[in-house]
Each structure stands twice: as structure tokens, then as C-alpha cells.
Amino acid sequence: MAALFLLILYCLAGFAVVRAFWPAPMRWSPADPIRLALSLPVGMALASLVFYFCYPSVMAAAVFVAAGAIIAAIAVIRARNAAPDRPAISMPPPSSWLRWSFVLALAATICMYLLIIYRWPRGDWDAWCIWNLRATFLFHGRDIFDPTYANYFWSHPDYPLLLSGSIALLWKVNGEIALWGPWLLHFLILLTALAVPMTVLRQLRGEAVALIAGLILLTARPLVAIAASLYSDVLFASIFAAATAALTLANSDDPIDANLVRLAGFLTGMAAWTKNEGLLFVCVLTAVLVVAIRLPIRKRISAAFHFLAAAAPFLAVLAHYKRHMPVDPEIAAASGHFFSAILDAGRYKAVLTGYLAEAIRFPGIVLPSFAVLALWRLWGDFHWRGLRGLPIASLAVAIQHAGYAAVYLITPNDIAWHIGSSLTRLLLQTWPAIVLGICLIGNKQQRSD
Amino acid sequence: MSLPRPKAAFLVTVCSLACAGFSLLWTIRAFRWNPVDPLPEHNARFAELRAALPQGQVFGYIDEPHGSAEKEAAKFRYYATAYGFAPVFIERSVEHRYLIGNFVTSPSPGYFEKLGLRVQRDFGRGVFLLENPKFH
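Residues numbered from 1 in each chain as written. Chains lettered and ligands numbered in written order. Predicted model: local features only at pLDDT ≥ 70, side-chain atom pairs only at ≥ 80, totals over all residues. Heavy atoms only, no water.

K.L.:
Help me get a handle on the overall build of chain B, residues and values and all.
P.N.:
On a plain count of helices and strands, chain B comes out with five helices and five strands. A compact globule built from 136 residues should have a C-alpha radius of gyration of about 14 Å, whereas chain B, at 24 Å, is more than 25% larger. In chain B, buried positions account for 46% of the 136 residues. Pairs at least 24 apart in sequence give 68% of the contacts found in chain B among residues at least 6 apart. Within the structure as shown, chain B displays about 7,300 Å² of accessible surface, and the carbon and sulfur contribution to it stands at 59%. (Helix = DSSP H or I, 4+ residues; strand = E, 2+ residues; numbered from the N terminus. Rg over C-alpha atoms; globule rule 2.2 N^0.38 Å. Buried < 20%, exposed > 50% of the residue type's maximum accessible area, 1.4 Å probe, protein only. Contact = heavy atoms within 4.5 Å. Areas by Shrake-Rupley, 256 points an atom, 1.4 Å probe, with all protein chains shown as cover.)

Structure follows, in C-alpha cells:
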């Protein structure tokens with residue numbers, strides 16, 4: 001029961017953090033559904049940070065509550081002078097069959113999630129031999145920097161602690177390790193991955209587009225399969241989409257909303273504290289900000305400074321953590337054959353064919369391509385102004401995948417095995433952002449985005 | 001501003017629902033293809049050993065020699081053992097005073113002695129607590 005209460009506190013504290021960054025008047029505001037959608041991962045990030053600083057003290061939960069209360073007070077103070085949110089775009093309500101179709105697809109997804117969890121309650125390999133194994137060590141108060149972790153290189157002990165830390169804190173409050181903790185957490189994360197793009201699209205494009213986006217998202221079987229495998233990729237995907245969406249929203253405001261730029265920075269820092277791919281994402285989104293935001297060049301640099309300053313707390317903690325953890329032997333092995341790998345044409349071919357094969361195999365990828373055509377050709381009046389929202393999401397996804405492709409090129413593992421065992425998850429990490437980008441195309445806008 | 005045209009929206013929705021239905025069917029069918037969660041059965045073999053484990057933070061681990069065909073299965077057994085014994089560390093090495101032996105088939109007589117190890121206790125079902133006298 002206490003753990004359930006803590007889970008609710010994750011959401012409340014997360015909501016307070018988002019409102020502290022991106023304030024609005026005290027009453028319920030038009031953009032609050034977006035803030036609510038961001039609340040769970042943000043709350044988890046705050047909890048894992050507190051847990052890291054307090055570790056192994058049992059007081060972590062109390063400190064988390066205190067930190068949440070202070071941040072809520074800051075949010076209230078900021079709310080006093082906050083300008084109201086711009087209202088969501090005015091559109092006639094979607095037809096009821098569209099709503100019911102979404103409800104049906106969501107029900108099928110929930111059934112899938114429950115079936116997979118029922119069959120494999122400890123999740124797939126990476127869940128129990130990486131994330132939940134680490135959470136178990138943390139739950140038992142094992143030294144966080146124990147050098148013995150080096151012998152568990154297969155468990156990637158250098159992976160950041162957002163997920164494992166927030167699960168361990170749940171278990172601490174629960175008093176024992178309980179499998180239902182990760183089940184519930186990952187289910188809510190799955191809903192977050194849906195809610196982030198949907199709430200942003202509801203704000204910018206109306207409810208009908210948001211529902212269509214939800215349907216397209218749910219067509220990708222890996223979304224629910226990997227969420228139910230209790231992996232961290234869906235969490236990373238929702239944070240990736242959230243940071244991209246915050247920057248897209250900032251870019252859609254005139255003048256640019258600096259609060260949203262800072263929120264995007266904070267979310268990007270969270271991504272780095274979730275998975276190693278997040279470090280790449282920090283570089284990617286900073287570059288996208290500098291290149292694509294609608295500001296004079298000098299102001300772009302200033303915006304990038306604000307962005308990175310908001311990401312800094314997570315990057316500092318990550319630097320401290322990584323400094324004490326053993327370096328992944330794969331990194332050392334990759335640097336050993338770097339030059340021979342990048343000069344090998346066969347590796348480029350392997351990466352390219354791997355991506356093409358996965359793009360066909362990734363369930364749902366064919367459908368969205370078809371959906372784009374349908375949206376573009378048949379759906380409303382396409383207008384070039386609709387593309388303004390696109391560059392942030394599409395650039396972020398494209399550069400992130402260029403980075404992944406570069407890692408595949410220099411991987412010390414068998415390249416075919418490496419691509420085969422991870423590319424679905426890497427595509428999934430960007431899936432909600434891809435759908436967000438797709439659905440921002442087209443439609444004349446009443447607003448200046 | 002025009003609403004999504006019914007034809008396109010309908011097309012996308014029908015395809016999405018078909019995908020969702022297909023995914024659900026795929027999940028149900030996957031029940032037949034894939035084995036049940038093998039972790040509980042694997043780790044249940046160690047229940048007695050876990051209770052009898054001597055004081056310590058790090059233990060060694062040994063299993064039967066395996067060819068490349070059994071590499072993945074052996075890897076699974078080691079990872080599952082490490083998961084089952086957490087927060088105690090299980091290192092795949094004989095360079096520890098106490099070791100956990102995890103065998104699918106019974107080791108041949110004298111197998112441990114050849115490696116310089118002593119059997120502390122045989123728990124059955126291929127599970128052993130071993131001792132390396134070098135660290136006595």
C-alpha cells in the first residue's frame with residue numbers, strides 16, 4: 001500500500017517539477033494534460049536522484065517527499081505571475097467511431113500487456129539480468145560502487161540508475177521485493193509513451209489527430225511487447241518524445257517560450273540518466289536546438305546555454321556515477337579496432353541492410369508510411385506552414401539514428417548479431433517521436449506554428 | 001480548417017485496429033511457441049543451498065564444460081543463478097573459497113578433485129556447494 005502511495009507521489013512530484021519549469025496559473029490549464037503526461041517519468045527521475053544522494057539511507061523516501069513539497073511550493077510561487085497557457089486548437093470533436101476505435105485498440109494493448117506479464121512475470125533477459133538485478137542490489141543496500149560489479153560486466157553495471165533506482169525505492173517503501181512494482185510501473189510508462197505525443201497533438205492539431213496518432217502508436221507491437229518485457233526502452237522512448245515535444249512546443253510559440261526550452265533540457269538530462277543512449281541524445285537535441293529553433297543566431301546560443309543548464313544536474317550526477325563504475329569492456333574493445341572498422345565497406349552494407357530489414361519487419365512501420373500518405377494526400381489541406389513543427393522531431397530522430405548507425409559500425413560484437421538483437425529496441429526508442437513528427441505534418445494551422 | 005477527411009481517417013483507423021487485433025493474436029499464439037518463465041524452476045533447485053550458504057559476499061561458480069552450441073543455455077543458467085542469489089555476488093571463477101556448482105548432467109566421478117575442488121555438499125539435481133582448499 002505504501003509503495004502504491006509512493007507511485008502516486010512520483011506523479012504528483014513530477015507534475016510539480018513540470019509546473020515549476022513551465023508555469024501556468026493555479027487553476028487547471030489547457031496544457032495541463034501535457035504536464036500530467038510528463039509527470040511519471042519526471043517524478044521517477046527526481047526519486048532516483050534523491051535515492052542516489054541518500055543511498056543507502058532508509059530516509060530516501062522522506063527526503064523525496066520533502067523535495068517534492070519544496071518544488072511544489074516553487075511551482076505555486078511561479079504560478080502567481082504565470083501567463084495563461086494558450087488554449088488548445090479549436091476543432092470540432094472527433095467522431096465517436098474514432099474514439100471507440102482507439103478504446104478498442106487500447107483494450108487490445110492492455111490485454112497483450114497482461115498476457116505477456118502473466119506468462120513471463122520477471123520480464124525478458126535484460127529486465128532480470130540488468131535492470132531488476134541492479135534494483136535488487138540497491139534494495140539490499142549493497143555498496144553502490146562495489147568494485148565486484150566489474151565481474152558482472154554482462155549486466156552493464158555502468159548503466160544509469162533512473163529506472164533501477166526508482167524501482168528499488170518502491171521496494172524499499174514496500175519493505176520487500178515485489179514483482180508487481182515493475183509491472184505497474186512499466187504499465188504506467190507504456191501509457192506515458194502514448195500520452196505524451198497524444199496530448200501534444202491534441203494541443204497543436206486537435207483531438208482527432210491525437211486519436212489517430214494513438215492508433216498509429218499502438219500498431220507497433222514492440223511498444224507493448226518491450227514494455228511488458230520490463231525493459232527501459234519504452235521509458236526512454238517517452239522521455240525522448242517528451243523532450244522533443246517540449247522543444248516543438250517552444251518553437252511553436254511566438255516569441256519562443258524559454259520555460260519550455262529549459263524543460264526540454266531537463267527532460268534531455270533525464271534521458272541521459274535513463275540509458276547510455278541518452279548521452280547521445282543530449283548532443284543531438286542541443287544540435288537540433290541550435291540548428292532548427294526560430295531565433296537569431298546569438299539567441300540560439302543563449303537558448304542552448306539555458307537548455308544545457310537545465311540538463312546539468314543529471315549530467316553532473318551521471319559523471320559522478322560513471323567515474324566510479326567500471327568501464328564497459330565493449331567500449332575499450334570498440335576503440336581498439338575503430339579505424340579498421342570505419343574503413344570496412346562491408347560493415348556499412350551490414351548496417352544499411354539491417355536498417356532496411358528492420359524498417360520492414362518493425363510491426364507498424366508499413367502502416368504509418370501508408371498513414372502519412374493518407375494524411376498528406378487525403379487529409380485536410382496540406383500547407384507548408386505545417387512543416388514548421390516537423391524539423392525538431394524529424395531532425396532529432398534522424399541524427400539519433402545516425403549516431404546509432406555509427407555505433408553499429410564500430411561495434412566489437414558480431415555486427416549482424418548486434419543489429420539483430422537491438423535495432424528493434426532502438427527504433428522503438430524513437431517511435432513516439434516519429435509518430436509525433438508524422439502527425440505534425442499537414443493541416444493549415446489557425447495558430448502560428 | 002478542414003476536419004480529417006473521413007475516408008483517410010477511416011482507412012488509417014481500420015488498418016490500426018487490424019494491427020492491434022493481429023498483435024493480440026500473435027501474443028496469444030506466442031504462448032504456444034515459447035516456454036513458460038524458466039527462472040522459477042531453475043532457481044527453485046537452489047532453495048536448499050541458499051539457506052545453507054556460508055557467510056560471504058562473493059562466491060565462485062562452476063558448471064559443466066560446454067561447446068559453442070550450449071553457450072547460450074549455459075549463459076542463461078549462470079545469469080539466472082546470479083539473479084537468484086542477489087545481493088550475493090556469484091563470479092564465474094574457481095578462485096574463491098566457496099563455489100556454487102550448477103550442472104545439468106551429473107559430473108563424472110573425480111571431476112571436482114581433478115580441478116582441485118572439494119565437494120562440501122551435494123544438494124541433488126546438479127547443485128553443489130564446493131570448496132577450493134587453496135583459499136582455506
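K.L.:
Quick rundown of the interface of chain B and chain A? Include the residues and the values.
P.N.:
Facing the 46 residues of chain B at the interface are 50 residues of chain A. Interface area for chain B against chain A, summed over the two sides, is near 4,700 Å², with a carbon-plus-sulfur share of 75%. The residue Arg122(A) makes a salt bridge to Asp37(B) at a minimum N-O spacing of 3.1 Å. A total of 19 residues in the side of chain B that touches chain A trace back to one element, the largest contributor, which is helix α1 (residues 6-33) of chain B. Of the residues that constitute the side of chain B that touches chain A, the class distribution is 34 nonpolar, seven polar and five charged. (Buried area = accessible area lost by both parts, 1.4 Å probe. Salt bridge = Lys/Arg side-chain N within 4 Å of Asp/Glu carboxyl O. Nonpolar A, V, L, I, M, F, W, Y, C, P; charged D, E, K, R; others polar.)

K.L.:
Any details on the side chain of Thr430(A)? Residues and values, ideally.
P.N.:
All names here are of chain A. Mapped onto the elements of the fold, Thr 430 is located in helix α19 (residues 415-440). Of the residues examined, Thr 430 reaches a relative accessible area of 0% and is grouped as buried. Among the polar contacts made by the side chain of Thr 430, one reaches the side chain of His 401 at a distance of 2.9 Å. In contact with Thr 430, not counting residues within four places along its chain, are Phe 240, Val 397, Gln 400 and His 401. (Polar contact = N/O pair within 3.5 Å; in protein donor to acceptor, adjacent residues only side chain to side chain.)

K.L.:
Break down the packing of aromatic side chains for me, citing the residues and quoting the values.
P.N.:
Across all of its chains, the model carries 37 aromatic pairs over all chains by this definition. Look at Trp125(A) and Phe76(B): their rings are 5.8 Å apart centre to centre, the planes differ by 45 degrees, and that puts the pair in the tilted class. With one member in each of two chains, Trp125(A) in helix α5 (residues 125-139) and Phe76(B) in helix α4 (residues 71-85) form a pair that bridges those chains. Residue class for Phe76(B) comes out buried when judged on its relative accessible area of 14%. With a centroid separation of 6.5 Å and 90 degrees between ring planes, the pair formed by Phe139(A) and Trp171(A) is classed as edge-to-face. Of this pair, Phe139(A) sits in helix α5 while Trp171(A) sits in helix α6 (residues 162-174), and the two are 32 residues apart along the sequence. Classification of Trp171(A) as buried rests on a relative accessible area of 4%. (Phe/Tyr/Trp six-rings, centres within 6.5 Å; stacked < 30°, edge-to-face > 60°.)

K.L.:
Summarise the confidence of the model for chain B; cite the residues concerned and give the values.
P.N.:
Residues and elements named next belong to chain B. Chain-level statistics for chain B give a pLDDT mean of 85 and a share of 93% at 70 or above. For chain B, α1 is the element with the lowest average pLDDT, namely 75, and strand β3 (residues 98-102) is the one with the highest, namely 95. Both scores are available for the predicted complex, with the pTM at 0.92 and the ipTM at 0.87. (pLDDT = per-residue confidence, 0-100.)

K.L.:
Explain unusual backbone geometry to me, and be specific about the residues and the numbers.
P.N.:
Following Tyr55(A), the chain continues to Pro56(A) via a peptide bond in cis, the omega torsion being 0 degrees. Its place among the elements puts Pro56(A) in the loop between α2 (32-54) and α3 (60-80). Located in the positive-phi region is Leu230(A), a residue other than glycine, with phi close to 65 degrees. Take Leu230(A): it is sitting in the loop between α9 (221-228) and α10 (233-252). A positive phi angle is found at Arg125(B), which is not glycine, with a value near 55 degrees. Inspection of the secondary structure assignment puts Arg125(B) in the loop between β4 (118-124) and β5 (127-131).

K.L.:
Tell me about the domain arrangement of chain B, residues and numbers included.
P.N.:
If you check the domain split of chain B, you get domain 1 (1-34) and domain 2 (38-135). Between the C-alpha centres of domain 1 of chain B and domain 2 of chain B there is a distance of 47 Å. (Domains from an automatic or database assignment.)

K.L.:
A description of the pattern of salt bridges should follow, citing residues and the corresponding values.
P.N.:
Residues and elements named next belong to chain A. On inspection of all chains with the given rule, the structure shows 16 salt bridges over all chains. A salt bridge links Asp 32 to Arg 35, with the nearest nitrogen and oxygen atoms 2.7 Å apart. Of this pair, Asp 32 and Arg 35 both sit in helix α2, three residues apart, roughly one helical turn. Of the two residues, Asp 32 and Arg 35, both sit in the buried class. Across the pair Asp 146 and Arg 142 runs a salt bridge, and its minimum N-O distance is 3.2 Å. Comparing Asp 146 with Arg 142 shows no difference in burial state: the two are buried. The structure contains a network of salt bridges with shared partners spanning Arg 19, Asp 32, Arg 35 and Asp 85.

K.L.:
Tell me about the pairing of β4(B), and name the residues and values.
P.N.:
All names here are of chain B. As judged from the five bridges shared by β4 and β5, these two strands associate in the antiparallel manner. Following the sheet pairing, Arg 118 is matched in β5 by Glu 131. The antiparallel pairing of β4 with β5 creates a hairpin that spans two residues between the two strands, and Arg 125 there sits at a positive phi of about 55 degrees. (Pairing = 2+ DSSP bridges.)

K.L.:
So what's going on with the sheet that holds β5(B)? Residues and values would help.
P.N.:
The strands making up a sheet associate through backbone hydrogen bonding, with each pair oriented either parallel or antiparallel. Residues and elements named next belong to chain B. Strand order in the open sheet formed by five strands is β2-β1-β3-β5-β4, with mixed pairing between adjacent strands. Strand pairing shows two members of the sheet lacking a second neighbour, β2 (89-91) and β4, which therefore form its edges. Averaged over all adjacent pairs, the angle separating strand axes in this sheet is 30 degrees, with direction ignored. In terms of strand pairing, strand β1 (residues 58-63) meets β3 through four bridges, oriented parallel. The partner of Asp 63 across the bridge, within β3, is Asn 102. Against the sheet, α4 contacts β1, β2 and β3, and its axis sits at roughly 155 degrees relative to β2. (Axes fitted to C-alpha atoms, helices over the stretch in contact; angles between N-to-C directions.)

K.L.:
I'd like a rundown of the pairing of β3(B), residues and numbers included.
P.N.:
Residues in a regular strand point their side chains to alternate faces of the sheet. Residue and element names in this part refer to chain B. A large share of β3 lies buried, amounting to five of its five residues. Two strands pair when backbone bridges link them, and β3 and β5 are joined in this way by five bridges, in the antiparallel orientation. Paired with Asn 102 across the strands is Val 127, a residue of β5.

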